Amino acid sequence: LHLMSLQRRRERYILIHIWKVDNDAAPLGNNTRFFTQGRLGRKAEYPSLNSDAEGAIKTKYFNSFAIKAVGLWNTLPKIVNTGDDLNQFKILLGKWLDRF
């Protein structure tokens, strides 16, 4: 059987959702901005956090979906994260995740 682990499937779902956010096909609900770096492709900027926030709020911030998703997105290589079509992105993402 050629199945991904539960962790890889979860990461794949998160990355597909972030691709949709980048391409205006789904909302994320925060101020995540995407930009292109020549050598690295599409990258996302982490939403801001008030540096004076309490420890519990910082913990919730770092454990939030938006922060985890942006961190995963920024690990993708250029060949994967610059796909224009959702199906093409899914294929490239699957091939990249199969390496792990």
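Note that this is a predicted model, so its numbers are computed, not measured. (Residues numbered from 1 in each chain as written. Predicted model: local features only at pLDDT ≥ 70, side-chain atom pairs only at ≥ 80, totals over all residues. Heavy atoms only, no water.)

(A) Structural context of a nonpolar patch on the surface. A cluster of nonpolar side chains, namely Leu49, Ile57 and Phe62, defines an oily patch on the protein surface of about 270 Å² accessible area. Along the chain, the position of Phe62 falls in helix α2 (residues 55-62). (Patch = residues over 30% accessible without salt bridge, like charges linked within 9 Å, V, L, I, M, F, W, Y side chains within 5 Å. Areas by Shrake-Rupley, 256 points an atom, 1.4 Å probe, with all protein chains shown as cover. Salt bridge = Lys/Arg side-chain N within 4 Å of Asp/Glu carboxyl O. Helix = DSSP H or I, 4+ residues; strand = E, 2+ residues; numbered from the N terminus.)

(B) Geometry of the confidence of the model for the chain. On average, residues of the chain score 83 in pLDDT, and 96% of them are at 70 or above. Of all the helices and strands in the chain, α2 carries the lowest mean pLDDT, 80, while helix α5 (residues 86-97) carries the highest, 90. (pLDDT = per-residue confidence, 0-100.)

(C) Region of the structure containing the pairing of strand β2 (residues 41-45). The sheet contact formed by strand β1 (residues 33-37) and β2 spans 5 bridges and is antiparallel. Its bridge partner being in β2, Phe35 is matched across the sheet by Lys43. Adjacent in sequence and paired antiparallel, β1 and β2 are bridged by 3 residues. (Pairing = 2+ DSSP bridges.)

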